[in-house]
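# Inside the fold
Now for the letters of each chain:
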Amino acid sequence: MSSAVREGAPAGALPVRRESSRQWRRMVRIDGWGALLLPLVAFLLLVFVAPLVMTLAKSVTDPTPGLQNYRDLVANPLYLRVLANTFTTALAVTVVTLLLAFPYAYLMTLAGPRWRAVLLAVVLVPFWTSLLVRSFALVLLLRDSGVFNTALMGAGLVDAPVPLIRNLTGVLFGMVQVTLPFAVLPIYATMRTIDRRLVQAAEGLGARPSSAFWRVFVPLTAPGVAAGSLLVFIQALGFYITPTLLGGPKNMMVGELIVQQVSSVLNFGFAAALATVLLVTTFLLLAVASRFVDLRRYVMGRP
Amino acid sequence: MTRLLVRGGLSALALVTGIYLLLPVLVVVPTSFSASSFLKFPPEGLSTRWYQSFVDDPSWMDALSTSARVAVLSSVCSVVLGVLAALGLVRGRFPFRSGVTALVVAPIIVPYVIVGLSVYIAFLRLGLTQTTVGMVLVHTALAVPYVAINVASGLATFDRRLELAAMSLGAGPVATFFRITLPVIAPSVLAGAVFAFITSWDEVVVAIFLSGPDLSTLPVRMWSGVRVQIDPTVAAVSSLSLLATVGVFAGVGAAALARRWVRRHRAPLIVDLQGATS
């Protein structure tokens, strides 16, 4: 891109003495094109950032100034159990998602262009269909009188319906469906860039195909697996609809607790404290992970 | 032999994954035609009674029109803001680049429950809860990153000599944008608009916080129909909602075909230029 096209191109050098002020001016310089960002930046600051800041503030001011909300959180084993459950559920979702996503992405690299398009389209279905509709559909499938149990009992495999919802199984069924594309896409993107000649070289040097796969190919997929796991885990922490609909009282996650605190107890300060914990955790995970993985590539590269 | 087995195993696993992703969606549609008041699959007797109960119930109809209004308005707003921002991100010189980029994508990273709680707290003071304006503002914020990302990637491969040619032939900056830049990046703008529409149309968590007796969107109305006890009408609405998504895609496909047709028949010169550059 030539500088002649830019409207605010620098108009010649300034004296050396004014180096620092020049640097400063260069830092805050904004040209005609850059100014086009201002409406969105102003909009997001007002509609998105300001409310977030208000919420963070509310967690230490409502009902009384101080850390009372956080003390309540730490003192009550019920709330701690919800937090712990949020983490273990998110972890379980991440593991199951990876177990399904890795072979799926690998098959995508082996398939021809047409099958690859089909596989991609299928994994993107959750992107395009409402989360609520899919969770509701899973209730119809998995409940005691649902399709699965009717079929199992009809075939005489079980006498009583197998409990598939109102427990962790239901939650996993529902959440993994939503998170699958977030793991498949980065893993596939990484696998596609791996030079297969490395695997061939290992085999040529006498490695069995299985050990060439596990010791050469799989380690090379690490960046994609790491990015996928992180995106899935972070997403899973904030789920509300799916665990509420498919889980039981024991499976309550922090999202449900936040809604409950606002809608039935009207305890805004405590809800804000929970939101703060969730938000800080999310950002910490992102900050730590972005040191190791180029997340921007995967977030931006989302189709 | 082993390779064949591995491939077979992988294909079987992918098939199971595919069924797992598609089955629920496919089950909803036949279930919605169930004649019994207790949804069964396979349905016992076919009827359209749940579609009838959807159309007859004013609370469902209000929710439908609210959702349509909010989704259209918020996708228009996010396209305007997002296209401008994409131009700035790709071509502009501005301070705090990484901070600004992070701000633009932040709405897709922050959990929706937190966004919902925050705007509820903020909008309560401003009297914007249970209003179309409030809903449109938030949905615009949630959808705008998709527009900005899509359009920015479209602009990254745009050949600016096309604009210089237009300007040297006497077109002003605005005319150049609308007659040269916009037509070329139209596919990514359209993709962003579709993303924005679907984001708003399907969004439920934030909408739950902002809804109430005065105003609620279709997904929120559905939520109250499945939360405690399942209202079979939800199955009918789910099917219609899926149909709407399919319709949007069909519309986009048709638009792409029409565009190709127009290009082929009207402006051979531009086609050649773009073919050479894109």
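These figures come from a predicted structure and were not determined experimentally.

### Describing the overall build of chain B
If you tally the helices and strands in chain B, you get 12 helices and 0 strands. If you list the helices and strands of chain B from N to C, you get α-α-α-α-α-α-α-α-α-α-α-α. Viewed in the frame of its principal axes, chain B has a C-alpha envelope of about 70 × 65 × 40 Å. Looking at chain B residue by residue over its 278 residues, the buried ones come to 42%.

### Considering the overall build of chain A
A count of helices and strands for chain A gives 16 helices and 0 strands. When burial is assessed residue by residue, chain A has 40% of its 303 residues classed as buried. Sequence-distant contacts, at least 24 apart, represent 74% of the contacts inside chain A between residues at least 6 apart.

### Describing the interface of chain B and chain A
Facing the 65 residues of chain B at the interface are 70 residues of chain A. For the side of chain B that touches chain A, the leading source of residues is helix α1 (residues 2-32) of chain B, giving 17 residues. For the side of chain B that touches chain A, the class distribution of residues is 49 nonpolar, 11 polar and 5 charged.

### Observations concerning the environment of Ser118(B)
All names here are of chain B. Along the polypeptide, Ser118 turns up in helix α5 (residues 112-126). For Ser118, a count of 28 C-beta atoms within 10 Å puts it in the buried group. Ser118 sits 91 residues away from Phe209 along the chain, and the two C-alpha atoms are 9.4 Å apart.

### Describing the packing of helix α3 (residues 38-61) of chain A against α5(B)
At a closest axis distance of 8 Å, the pairing of α3(A) and α5(B) adopts a crossing angle of 90°. It follows from the interaxial angle that α3(A) and α5(B) lie roughly perpendicular. For the pair α3(A) and α5(B), contact is made by Ala50(A), Pro51(A), Leu52(A), Met54(A), Thr55(A) and Lys58(A) and by Leu117(B), Ser118(B), Val119(B), Ile121(B) and Ala122(B), respectively. A per-class count over the contact of α3(A) with α5(B) returns 8 nonpolar, 2 polar and 1 charged.

### Some words on the environment of Ile19(B)
Residues and elements named next belong to chain B. Its location among the elements puts Ile19 in helix α1. According to the C-beta neighbour criterion, Ile19 is exposed, with 12 such atoms within 10 Å. Through-space distance from the C-alpha of Ile19 to that of Arg91 is 44 Å; in sequence the pair is 72 residues apart.

### Details of the confidence of the model for chain A
Looking at chain A, pLDDT values average 87 and 90% of them are 70 or higher. Here helix α16 (residues 295-300) of chain A is the element of chain A with the lowest mean pLDDT, 55, and α3(A) is the one with the highest, 96.

### A short note on the packing of helix α3 (residues 58-91) of chain B against helix α8 (residues 173-202) of chain B
Packed helix pairs are characterised by how far apart their axes lie and by the angle those axes make with each other. All names here are of chain B. It is the contact of α3 with α8, at a shortest axis distance of 8 Å, that shows an interaxial angle of 140°. In terms of orientation, α3 and α8 fall into the oblique class. Classified by chirality, the crossing of α8 by α3 is right-handed. Each of Ser67, Val70, Ala71, Ser74, Ser75, Ser78, Val79, Gly82 and Val83 in α3 lies in contact with α8, whose residues at this interface are Val189, Gly192, Ala193, Ala196, Phe197, Ser200 and Trp201.

### So, unusual backbone geometry
Cis geometry is adopted by the peptide bond preceding Pro63(A), which originates at Asp62(A) and carries an omega value of 0°. Position of Pro63(A) among the secondary structure elements: in the loop between α3 and α4 (68-75). One non-glycine residue, Phe96(B), lies in positive phi territory at about 55°. Looking at the secondary structure, you find Phe96(B) in the loop between α3 and α4 (97-105). Exposure remark for Phe96(B): the 12 C-beta atoms within 10 Å place this residue in the exposed category. For Gln130(B), which is not a glycine, the phi torsion comes out positive at approximately 55°. Relative to the helices and strands, Gln130(B) is located in the loop between α5 and α6 (132-156).

What counts and what doesn't
- Starting from 1, residues in each chain are numbered consecutively following that chain's sequence as written.
- The naming scheme follows written order: chains are lettered A onward, ligands numbered 1 onward.
- Only residues with pLDDT of 70 or above have their local features reported here, since the model is predicted, and side-chain atom pairs are shown and tallied only from 80 upward, although totals for entire chains, interfaces and linings are computed over all residues.
- A run of H or I in DSSP counts as a helix once it spans at least four residues, and a run of E counts as a strand once it spans at least two, with each numbered from the N terminus.
- Remark: C-beta atoms are placed from the backbone, and a residue is labelled buried if 20 or more other C-beta atoms sit within 10 Å of its own, exposed if 12 or fewer do, or partly exposed between those counts.
- Contact definition: two residues whose C-beta atoms, as placed from backbone geometry, lie within 7 Å.
- Residue type decides the class: Asp, Glu, Lys and Arg count as charged, Ala, Val, Leu, Ile, Met, Phe, Trp, Tyr, Cys and Pro as nonpolar, and the leftover types, Gly among them, as polar.
- Every angle, taken between N-to-C directions, lies between 0 and 180 degrees, and every axis is a line fitted to C-alpha atoms, over only the stretch in contact when it is a helix.
- In what follows, roughly perpendicular refers to angles from 65 to 115 degrees, roughly parallel to angles under 35, roughly antiparallel to angles over 145, and oblique to any angle outside these ranges.
- Within a predicted model, pLDDT stands for the predictor's per-residue confidence, ranging from 0 to 100.
- Handedness of a crossing is defined here by the sense of rotation of the near helix relative to the far one, left-handed for an anticlockwise turn of less than a right angle and right-handed for a clockwise turn.

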